[in-house]
Structure formats: structure tokens, C-alpha cells
Amino acid sequence: MSSLLPKIESQLSTLPVPITLQLPDGRKVAKPGSRVTLAFSEWSALAKLTARQIGAIGEAYVEGRVQIEGKMRDLIDVAVSLLPGNPAETNTNWWSRLQRRTKSRGSHSLGKDAAQIEFHYDVSDDFYALWLDPRRVYSCAYFRDAGMTLAHAQEAKLDHICRKLMLQPGERFLDIGSGWGALLLWAAEHYGVDATGITLSKNQHAHVTRMIEEKGLQGRVRVELLDYRKLDSDKPFDKISSVGMFEHVGSVNMPTYFRKIHSLLKPGGLVMNHGITSGQLDYKQLGAGMGDFIEKYIFPGGELLHVTHVLRETVAAGLEMVDTENLRPHYARTLWAWSDALESRLDEAREVLQRAGGHQGGNAERILRAYRLYLAGSAMCFEQGWISLHQMLATRPDGKVEGGALRGAQSVYPFVRDYIYK
């Protein structure tokens, strides 16, 4: 494996952060003032480094074949420099499209979706509580002011969504994929709605049920352990939100998802879809092995579409897009806040995961390593523009040209943005 050394030394000379590589035979290749150390126990893992397969290096770290010392922010700077280019792969040939569609169809049955949600969200509530804000908002925050803390920025995001939806007291409000209930409870407490949430996570369902009881909101707020496809459309809702949800739906089920939303929404009502989108029009997955890493360790079955593809399915289902906002750098800052919080509490996180056992083999160290790379690596991807985050507000037109704030509005949407910021 001595043939690898010239390549390794050449790569090290171009990195913005000085690093040390410890080779499987004990030798070290280092730059002065090293801030990151990668110790390899196998030559095959080192070969992945020279091939710039960042995802494979991440997998080797999770599985214990590579040890990492140093700050996660420094490591990410190294990772960006090692990538061969934009890793947002684009492949438009018919065979690739067919393969993606076949994979999507096989990954999103009712049973598989439930298992995939459990894999990610039911790791351990206490683990997530270590690095999320006190409300456990597990989605992009909204840093309305640059000096906001994460907790305040998450509250600003919750309120931003409620304002966009123009929530009013007594309205029936549905939150699809309600997580740990932050938006559901905020909407009920601050806007007086009658709120229903659904989730496929047993842990989240139990947590929100407890919160409803503790806050005395029984009868006005409820959460169900239910797939969106099983929701009853007989009593449509005034307003609907879906935050961090459609990434789990799968491209093949997007028409079903938006048709279901259409059937659940009253004519003239509003729906907010807030979710991660791809940075490329014809998107396969993140290259350099990063997409494979996310699929294996973090979000099995997760699929990203470009915002234009999401909006196309929105319109095809009979909904009208009235406002779309890109919050991409907000998510980068959110993820760095999560990453920094986890990095500051690694020992606690390890203990929590050990106590939890877990359905991922009970390997606390393996889970912790995967999440360290996932949070920091995702922050990198949002900063670079390889993936994005959009809030898409849509209506179900009621066909009444004379109604609304402006003639032809056909919904409660006023067709001005002032109301969001007052």
C-alpha cells in the first residue's frame, strides 16, 4: 500500500485545515499544527480517502475502522476540501429514472414507512433532548434576528408558520407528522385552534399525549398514531401543516400525498408544506457515498425532490401555490447549533444511548458516531447549497370569484405578505 502515500501527501498539502493521518502500520503523515487526526486501522478505508469517497470514510468511522480526533467543524472543512466537486448527483437517463422509481415504490408501503420512522425517531427521546431546544423542534429554525438563540429561533419558526396559515380561534388545524408536538401545542395555546396531530413514532405519540395532559388541553388537542393515508377525509380541516414530513413520503407517493391533502383541506383553506428539497433539478442522491451513508444510518427510505417537482405535484393535485420561501441558510445554522450542542455533551449522549439499548443493535457508540457526522455533514450540505429547505404555502381554491380579500382570490389568502410580519 505504499503507492497510496504520494496521493495522501498530495491531498494533505491542499487542505485548509492541517491534519494528521495515522496509517494502519502505525506510521503518521502529518502537517504542522494539526487540528484533526484520522487514525486508520485498515488500508481499505485509507484507499477510500484517496478516492474521495467521504461517505465510505464516514461508514468506516461509525463501524470503528477509523478513529477521529478534533473539532467537528474542522473535520467538515476537511471533508469539503476532499470532495471532488458538487456531490449533488444528476442523472437523467431513462434507466436511472426507472431504478429510482422502482426503489421508491418498494420503500414506501404502510409497514415500511412505519418501520423507517421508528428507526430514526425512536432512537431515544432523552438523546434528542440533549441537543434539541426545550420544545424538541426537530426541523429548521427561523432566525428572524441574527442574535437569536436556537430556542427563540424555533419559537419564531413556529409562529412564522402559524402566521402564514392565518390561524384563527376555533379553526380545525391538522399537523401531518407532528413530531414532539411543538407546533401542535403552540398553535393551540397561542392561536386557539382545535388541533389534531398524526405521527408514526410511538415515542413521539407518547410524549405529545403527556404534554396535552400536562397543559390541560384535552378535548382541544389530540395526537394519533396514524399514517397520513389512513386519515378520514369526511371532516376536512380549515388549515393544514406538514413540517419535515414529505421527505419521508417517497417520490412515487407524492401524487397520493398531495391528493390526500387536497381531500383533507376545506375549499378556500391553506396548507403549509415545510421540508428539505434537493439542490439539483434531476437529483439522484448526494454523491461521494454521502447519500448511501444517510440511507444506511439515518433516514432509510428518505427521498429529496427539487422544489419545482414538489410544486408540480402540488398543482397536479388541485392546490394552488401562493407563497414559497427558501430558508436554506437557516437550516445550516440550526444544524450547527444541534451539532455544537451534541459535541458539548458526548459523554451524556453515550450514557443515554447505552441505557436506551435501541432497535439499531443497541450499539450506543455506533449510533452516536453516525449522528455526529449526520448533523455536521448536513450543516455543510445546506451551507454549500447541495440541499435546501422550502416553505410552500398553498390553497384549495373554492371557486368563488367574488369572495376573498381580492376579487378572484378564491381562498382566505390575502395575496399580500404584510399580514405575516405585522
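Because the structure is a prediction, the values reported are computed rather than measured.

S.K.: Before we go on, may I ask you to explain the overall build of the chain in this structure?
M.R.: Of the regular secondary structure elements, the chain holds 17 helices and 13 strands. Taking all 422 residues of the chain together, the buried fraction comes to 53%. For the chain, the exposed area adds up to about 17900 Å²; of that, 50% sits on carbon and sulfur atoms.

S.K.: When you look at the confidence of the model for the chain in this model, what are you seeing that I'm missing?
M.R.: Should the pLDDT be low somewhere, the predicted coordinates at that spot are not to be read in detail. Looking at the chain, pLDDT values average 86 and 85% of them are 70 or higher. Note on residues 114-121: pLDDT is under 50 here. Beyond four places in sequence and across chains, it has 31 contacts.

S.K.: Is there a simple way to think about the sheet that holds strand E12 (residues 320-326) in this case?
M.R.: The pairing of strands in a sheet happens through backbone hydrogen bonds and is either parallel or antiparallel. The 7 strands lie next to each other as E8-E7-E6-E9-E10-E13-E12, forming an open sheet whose pairing is mixed. Strands with a single pairing partner mark the edges of an open sheet, and in this sheet they are strand E8 (221-225) and E12. Each strand of the sheet is rotated relative to its neighbour by a mean of 15°, with strand direction disregarded. Across 6 bridges, the pairing between E12 and strand E13 (residues 387-395) is antiparallel. When the sheet's bridge partners are listed, Asp323 is paired in E13 with Leu393.

S.K.: Honestly, the packing of helix H3 (residues 54-62) against helix H16 (residues 364-384) in this entry has me stumped. Any pointers?
M.R.: The geometry of a pair of packed helices is captured by two quantities: the angle between their axes and the separation between those axes. The interhelical angle for the contact between H3 and H16, taken along N-to-C directions, is 150°, at an axis separation of 8 Å. One element, H3, and the other, H16, form an angle in the roughly antiparallel class. Here H3 and H16 pass one another in a crossing that is right-handed. Where H3 abuts H16, its residues Gly58, Tyr61 and Val62 lie against Arg366, Arg369, Ala370, Arg372 and Leu373.

S.K.: Hey, could you run me through the packing of helix H4 (residues 72-82) against H16 in this one?
M.R.: At a minimum axis distance of 10 Å, the contact between H4 and H16 shows a crossing angle of 55°. Relative to H16, the element H4 lies oblique. Two packed elements cross with a definite hand, and for H4 against H16 that hand is right-handed. Packed against H4, whose contacting residues are Met72, Leu75, Ile76, Ala79 and Val80, the element H16 presents Arg372, Leu373, Ala376, Gly377, Met380 and Gln384 at the interface. Split by residue class, the contact of H4 with H16 holds 8 nonpolar, 2 polar and 1 charged.

S.K.: What exactly am I supposed to notice about the nonpolar core here?
M.R.: Side chains of nonpolar character tend, in soluble globular proteins, to be buried together. Grouped together as the largest cluster of nonpolar side chains are 74 residues, with contacts concentrated most on Phe40, Phe127, Trp131, Tyr138, Trp338, Leu342 and Tyr371. Of all the elements, H16 adds the most residues to this core, at 13 residues.

S.K.: I keep staring at the pairing of strand E6 (residues 172-176) and nothing clicks. Help me out?
M.R.: Two faces belong to every sheet, and in a regular strand the side chains alternate between them. Most of E6 sits inside the fold, with 4 of its 5 residues counted as buried. Relative to strand E7 (residues 194-199), E6 runs parallel, the two being bridged by 5 bridges. By the bridge assignment, Asp175 is partnered in E7 with Gly197. Sheet analysis places E6 next to strand E9 (residues 237-243), joined by 4 bridges and oriented parallel. Within the sheet, the bridge partner assigned to Phe173 lies in E9 and is Lys239.

S.K.: How do you make sense of the side chain of Thr334 when you look at a structure like this?
M.R.: By the element assignment, Thr334 lies in helix H14 (residues 328-343). Leave out the neighbours within four places in its chain, and Thr334 touches Ser139, Cys140, Ala141, Phe143, Leu150 and Gln154.

S.K.: Looking at this structure, I do not really get unusual backbone geometry. What am I missing?
M.R.: Across the chain, the bulk of peptide bonds are trans and the bulk of non-glycine residues have phi less than zero. Its identity is not glycine, yet Arg136 carries a phi of approximately 55°, on the positive side. Looking at the secondary structure, you find Arg136 in the loop between helix H7 (125-131) and helix H8 (150-164). One non-glycine residue, Met166, adopts positive backbone phi at about 55°. Within the secondary structure, Met166 sits in the loop between H8 and E6.

S.K.: What is the right way to look at the pattern of salt bridges in this model?
M.R.: Where side chains of opposite charge bring their charged atoms close, a pairing between them can arise. All told, the structure shown has 21 salt bridges when counted by the stated rule. Several salt bridges converge on common partners, so that one network encompasses Asp347, Arg350, Glu365 and Arg369.

Rules used in this analysis
- Residues numbered from 1 in each chain as written.
- Predicted model: local features only at pLDDT ≥ 70, side-chain atom pairs only at ≥ 80, totals over all residues.
- Heavy atoms only, no water.
- Helix = DSSP H or I, 4+ residues; strand = E, 2+ residues; numbered from the N terminus.
- Buried < 20%, exposed > 50% of the residue type's maximum accessible area, 1.4 Å probe, protein only.
- Areas by Shrake-Rupley, 256 points an atom, 1.4 Å probe, with all protein chains shown as cover.
- pLDDT = per-residue confidence, 0-100.
- Contact = heavy atoms within 4.5 Å.
- Pairing = 2+ DSSP bridges.
- Axes fitted to C-alpha atoms, helices over the stretch in contact; angles between N-to-C directions.
- Parallel < 35°, antiparallel > 145°, perpendicular 65-115°, else oblique.
- Left-handed = near helix turned anticlockwise from the far one by under 90°.
- Nonpolar A, V, L, I, M, F, W, Y, C, P; charged D, E, K, R; others polar.
- Core = buried A, V, L, I, M, F, W, Y, C linked by side-chain atoms within 4.5 Å.
- Salt bridge = Lys/Arg side-chain N within 4 Å of Asp/Glu carboxyl O.

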